Amino acid sequence: MISQFFVLSQRGDNIVFRDYRGDVQKGSAEIFFRKVKFWKEDGKEEAPPVFNLDGVNYFHVKVVGLLFVATTRINLSPSLALELLQRIARVIKDYLGVLSEESLRKNFVLVYELLDEVIDFGYIQTTSTEVLKSYIFNEPIVVDAARMPPIGPAALFMQGNKRMPGTAVTKSVVANEPGGRKREEIFVDIIEKISVTFSSSIMLSQGRPDLEQGYVLTSEIDGTIQMKSYLTGNPEIRLALNDDLYIGRSGISNFGYSGSSGTGPVILDDCNFHESVHMDSFDVDRTLSLVPPDGEFPVMNYRITQEFKPPFSINTLIEEAGTLKAEVILKIRAEFPSSITANTILVEMPLPACTTRVNFDLERGIVGQNADFKESHKKLEWSIVGGSEHTLRAKLNFSQEFHGNITKEAGPVSMTFTIPMYNPSRLQVKYLQIAKKTKTSNPYRWVRYVTQANSYVARI
Amino acid sequence: MDFLAHHHIISPDLCPFCSLENCDAIHTFLHCRFALDIWRSAGIHEHVMIFSQPSFQLWFQEGEVSDLKMQLRQLAGSRAPGTDDTKRELFKKVISYMTIGIDVSSVFSEMVMCSATSDIVLKKMCYLYVGNYAKHNPDLALLTINFLQRDCKDEDPMIRGLALRSLCSLGVANLVEYLVGPLGNGLKDGNSYVRMVAAVGVLKLYHLSAVTCMDADFPALLKHLMLKDKDAQVVANCLTSLQEIWSLEAGTSEEATKERESLLSKPDRLCDCNSLSNITSTGELDLLLAFPHQDRLVYIAQLHKMKEFGEWAQCIVLELVSKYVPTDSDEIFDIMNLLEDRLQHANGAVVLATIKVFLHMTLSMTDVHQQVYERIKAPLLTLVSSGSPEQSYAVLSHLHLLVMRAPFIFSLDYKHFYCQYNEPFYVKKLKLEMLTAVANESNTYEIVSANAQSFGSIPVTELCEYVANVDIPMARESIRAVGKIALQQYDVNAIVDRLLQFLEMEKEHVTAETLVLVKDLLRKYPQWSHDCIAVVGNISSKNVQEPKAKAALIWMLGEYAQDMQDSPYILESLIENWDEEHSAEVRLHLLTAVIKCFLRRPPETQKALGAALASGLADFHQDVRDRALFYYRLLQYDVSVAERIVNPPKQAVSVFADTQSSEIKDRIFDEFNSLSVVYQKPSYMFTDKEHRGPFAFSEDLGNLSIGAEPDDTVVAAQRVEENDKDLLLSTSEKEESQGYANNGSAYNAPSYNASTTTGGSQGHLDLVSLDQTSTAHTTASLAIDELLGLGMPAGPSPAPLPSALLLNAKAVIDPNAFQQKWRQLPVSVSQDISIDPRGVAAMANPQALPQHMQAYSIHCIASGGQAPNFKFFFFAQKAEESSAYLVECVINSSSCKVQLKIKADDQSTSQAFAELFQSSLSKLSLP
């Protein structure tokens, strides 16, 4: 049972506020925002998504920089509340096309209309875009996606938005195209977020430097098959996956790297499915059948700890040059075919606190590279475009004599990146069949793959 | 601006400066970032402006709102084409003012006038507006009744539904009479949307006027609808409404209690056999559960249609199922088989609700229970990695609970609990705790020190990686985790090495945290003193600033004075800076350490001791002064006595007290899939009684150890739970032995298990052995107790009471028997009384009340709670016969109110007992 729902901007402004039960005080949004903003005096700890203040439980999720908040006084299931908040965000996005402060403000009447149907007297009625369609009468005022206030790509990742900016089809489920009629199309995105931790590679402070790649300590793929359907008439869809797909790794220890990468079966540790998915023929021909509801939804989430080839190798070398200077050499090598281009590669590395100045030595003749020392965070940032191999040399200057081990003060090296048309698990949608009911033109079918770094870290 | 808009140069709605938000006065002056810049440059900051906002609003409100009013009035009667569009714009404006908190209630009558339209968008906005203002303007609300009632009869089901919802949401108590008719029609409406709205509407009516709702017999209608309706959401809404109504009614009427229970245990009420065949897609689950076994099988095939319930309704039904007690194990397996596919649901709430059913149903079957753990592991891990970080956190909290209960089941999955660098701190903290919990002999080495020598690289340790982390809170937590593992293990060799390496990292927060740990380690493993002291001796006390770390360092300096060459001199330099030392804790430790040092190395320490005692006696802090004085007199009296008191031979601490008793943990487990798990406390600690939710079926005795089971299964379930503990809680042993000594404030059960008492106090002594003045403290606190009239009775010595009712001073009852009795007996006296605030003050000591009542031969069975709410269960017995009295006593320490519920074998004397109890209670505060 939810008492209130509200959406706050990053500055703490109330964008949407709906009180369902009237048992929590009106000022809760401000109380909440103060608490979250000043969770710990030093500002270093983030407020947890659930907390209790004077008997009121506050739940919140962050979506594209906005805070979606629910309050209640009862001992509710936290998963229920947080899932609900995420769903509300998704439903609003389905309707508005773009989820942003601006689109919310322009469409607040529609948003209230949605909220009234999603929750009644604190009880969840439905969060299905499909079902809601018959209750909603306001038309969205479409916001131009390009006119959105720029949020850096890094910010999008930081917000913990598991859905990719690349998949964001900014089209409302209800608004009509400028041309007047809707385009029949369906998007299927295979999104894989990978986490890899490399052990430390060798570091020689004196003598001949020796670059060596650390080995993989842990690796995991968290994948989603996401679907967004704009098909009319709700036709049934069949989605065929790899023939050699297996679920469950019974008998195999979870992190045993048994299979060699590149070939062999795709083994999912575990997966779950959207409620519309029928598994009837899955065991026979690895096919999922479903009638996709309107709006964006995950068909299937899966998790793989099977070995895979990390898309980038990272080599780090630190050379001490006296007590006031040191040199850091970073080498990044792409391990995927050159036909694929990675976007927005960002390499970050914390440096010792006493670092005052860093001189960078970038490779010559390569465009799009940029290296920077963020003094306030004592962090090195290096952005690259494209695959192949890149090297960065950074000369560090310290404010005071440095004793002891630099590796204890610097690192680890972390990477964020997005690689379109590539997925390390080799899970594939072999075909996407739409059971045709109409004789009209063949709908557009988009199947896209993308890989994103979740936590890609090399220790030094 | 209008000019620009007119010529389509700018969008009329948007602020011409920032083009981000709709342009209105509030925005232009307060929210627009350009305006903010101007304010800021004028030296006025946002927080100032927040306070000035109300007056600011008043200033333009009149103009802006009266303008709107005018325009609306003009439109009200107009039927010209395009009116609706203009109205929409105006309505939007009104609502946007309403959202940002401007009072637009003055346009109420105009809004109502304008609502005579067939445009559903306009209607919706109007309903929204009316819903917002009606409650606080009952007179205005009356204006709306007419048109809402008319809309309830509209031919469009959407409008009927919406109007009914608005009508029920007005929230004006004196208008309830107008609700009954439309609601009754709504429940019978042909359209499922209207019925859905009506089902919740009944609940709204109940909150407005329970009497009206009951008089109209709506609950019965709902029940009927729940059984017959074909629409899943209608059924779900009926179910939620009924649950809430019955659980609220339960407080007042016995019948409602029965009704509520019938949801679970009285199948015949819930489902009429014949009706079942009519229902194909809805409600089977709860019907099935309640169904006799043989008949049920027929319908099992239909159960997979549970999918037709929306996912949210599934959560409600599953929660209900988890309270259901199956008749036999076959039934348990049937239910689990039917629900197994729910574990693959993408909605975490559904999965967790299913897991709760599985866990609670198999409590009595130890091996199956363990299989359930294995089965749910993968789905949980998938959920953790597939949602947003917030969703992951909620699932991870539950995983955390399970890991804590059965660490060995997860011992091979430890890599899942490795932290990722970009995870929020709250996730990392949970993961660290799980890593700590699953650390056992076989994998500790890998977790703490993933020695990778075979790969030719330097040994890396997972936790040590975190310690070196730039993230300070994370580093601290990691050190604590390493220490915790060290304290659990038998072979701590490698780990102690690690810890000592931390000290060499020369980071202030690392050093501080490690020192505290080294101190604890030394108390458990004195044999390591040599290695540790060598390293600790190298730490300059100047680099240690945090009080806790400083205290730890000083303790070591005193304790190992003979092994540390410089100890007296370091102490001396610390004493020189006495006045700059702000922490009383550090000063106390300094006093003790210097005395210890003096007793071992008198000549070197004499000077420091003199200075310390002088500073201590002049200290402004009471405790420091007292301790200095105590030492001074002690030394004056006899040095050898001082030696015995300050430096007694020490016993190594075997187990440190856990912060939570196993009882608390069990309670949290009972409340699986709720906030209790996230907060890691049972619900009574953070919710008021009336907000425990519809599922908190028993807040009374049952939850002392188990959830709500019908009477006859109580004992069985408890036995079962013990088995379960044996199996799953490898930690239970030590919990048993350490008792409650150190968790007093949180929750304790004094006479729950007599054998723990001795163990507990032993632990207590061990713990304070660090604090050499414990005896002094104890006596001091005793003295205070005596002052307050709470002297601990040496034995049960009943104070002579001028009462006809004599109680047996030595009455005993075991908690199980108590529970059973509590369930069987009806409440014979129930009253609210006030007590003297001084009495409440005395309750700051959790033992005070039980001790006090014992003096009157009223024995405490269990107690718990956290300020301001405390709950006690007492037991008393008549002196000459075995007739017993059971008391539940809920004390609110902030309002000084006490709720008493007394149950008695002999009803006729219960009133006399109540008086006796009250008079005893009221004496709590008196000397």
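The rules behind these values
- Residues numbered from 1 in each chain as written.
- Chains lettered and ligands numbered in written order.
- Predicted model: local features only at pLDDT ≥ 70, side-chain atom pairs only at ≥ 80, totals over all residues.
- Heavy atoms only, no water.
- Pairing = 2+ DSSP bridges.
- Helix = DSSP H or I, 4+ residues; strand = E, 2+ residues; numbered from the N terminus.
- Axes fitted to C-alpha atoms, helices over the stretch in contact; angles between N-to-C directions.
- Contact = heavy atoms within 4.5 Å.
- Parallel < 35°, antiparallel > 145°, perpendicular 65-115°, else oblique.
- Left-handed = near helix turned anticlockwise from the far one by under 90°.
- Nonpolar A, V, L, I, M, F, W, Y, C, P; charged D, E, K, R; others polar.
- Phe/Tyr/Trp six-rings, centres within 6.5 Å; stacked < 30°, edge-to-face > 60°.
- Buried < 20%, exposed > 50% of the residue type's maximum accessible area, 1.4 Å probe, protein only.
- Salt bridge = Lys/Arg side-chain N within 4 Å of Asp/Glu carboxyl O.
- Expected span 1.5 Å × (residues − 1).

Let's talk about the sheet that holds strand S1 (residues 4–8) of chain A
Sheet strands associate in pairs through backbone hydrogen bonding, adopting either a parallel or an antiparallel arrangement.
All names here are of chain A.
Argument step 1. Spatially, 5 strands are ordered S2-S1-S5-S4-S3 in an open sheet, and the strand pairing comes out antiparallel. Because the sheet does not close on itself, it has two edges, and the strands there are strand S2 (14–19) and strand S3 (50–53). When the angles between neighbouring strand axes are averaged without regard to direction, this sheet yields 20 degrees.
Argument step 2. The pairing of S1 with strand S5 (residues 66–72) spans 5 bridges and is antiparallel. Following the sheet pairing, Val7 is matched in S5 by Phe68.
Argument step 3. Across the sheet, helix H4 (residues 108–118) touches S1 and S2, and the angle it forms with S2 is around 30 degrees.

Let's talk about the packing of helix H2 (residues 78–96) of chain A against H4 of chain A
Residues and elements named next belong to chain A.
Argument step 1. Closest axis-to-axis distance for the H2/H4 pair is 11 Å, and the angle between their directions is 135 degrees. Here H2 is positioned oblique relative to H4, judged by the angle of their axes. Note on packing geometry: the crossing formed by H2 with H4 is right-handed. Across from Leu84, Ile88, Val91, Ile92, Tyr95 and Leu96 in H2, the residues of H4 making contact are Leu110, Val111, Leu114, Leu115 and Val118.
Argument step 2. By residue class, the composition of the contact of H2 with H4 is 11 nonpolar, no polar and no charged.

Some words on the packing of aromatic side chains
Argument step 1. Considering all chains together, one arrives at 29 aromatic pairs over all chains under this definition.
Argument step 2. The interplanar angle of 5 degrees and the centroid separation of 5.9 Å between the aromatic rings of Phe32 of chain A and Phe51 of chain A together place this pair among those described as stacked. Taken as a pair, Phe32 of chain A in helix H1 (residues 28–37) and Phe51 of chain A in strand S3 lie far apart in primary sequence, 19 residues in all.
Argument step 3. Owing to a relative accessible area of 0%, Phe32 of chain A belongs among the buried residues under this scheme.
Argument step 4. Pairing Phe669 of chain B with Phe672 of chain B gives two aromatic rings, centres 6.4 Å apart and planes at 65 degrees, and the pair type is edge-to-face. Take Phe669 of chain B and Phe672 of chain B: they sit in the same class, and that class is buried.

Focus: the side chain of Ser9 of chain A
Argument step 1. Considering the arrangement of structural elements, one finds Ser9 of chain A in the loop between S1 and S2.
Argument step 2. Those residues in contact with Ser9 of chain A that lie beyond four places of it in its chain are Ile15, Phe33, Leu66 and Glu101 of chain A.

Details of the pattern of salt bridges
Argument step 1. Tallied over the entire structure, the rule returns 51 salt bridges over all chains.
Argument step 2. Across the salt bridge formed by Asp13 of chain A and Arg11 of chain A, the nearest N and O atoms sit 3.6 Å from each other.
Argument step 3. A relative accessible area of 18% places Asp13 of chain A in the buried class.
Argument step 4. One salt bridge connects Lys374 of chain A with Glu381 of chain A, and the closest N-O pair in it is separated by 3.9 Å.
Argument step 5. One network of salt bridges, in which partners are shared, links Glu113, Glu117 and Asp120 of chain A together with Lys124, Arg165 and Lys204 of chain B.

Concerning helix H7 (residues 120–133) of chain B
Argument step 1. The end-to-end C-alpha separation of H7 of chain B is 20 Å, in line with the 20 Å expected for 14 residues at 1.5 Å each.
Argument step 2. Among the 14 residues in H7 of chain B, 12 count as buried, and that is most of the element.
Argument step 3. When we look at burial in H7 of chain B, the residues that qualify are Ile120, Val121, Leu122, Lys123, Lys124, Met125, Cys126, Tyr127, Leu128, Tyr129, Val130 and Tyr133 of chain B.
Argument step 4. Close packing links the buried residues of H7 of chain B with S2 and H4 of chain A together with helix H5 (83–99), helix H6 (108–114), helix H8 (138–151) and helix H9 (157–169) of chain B.

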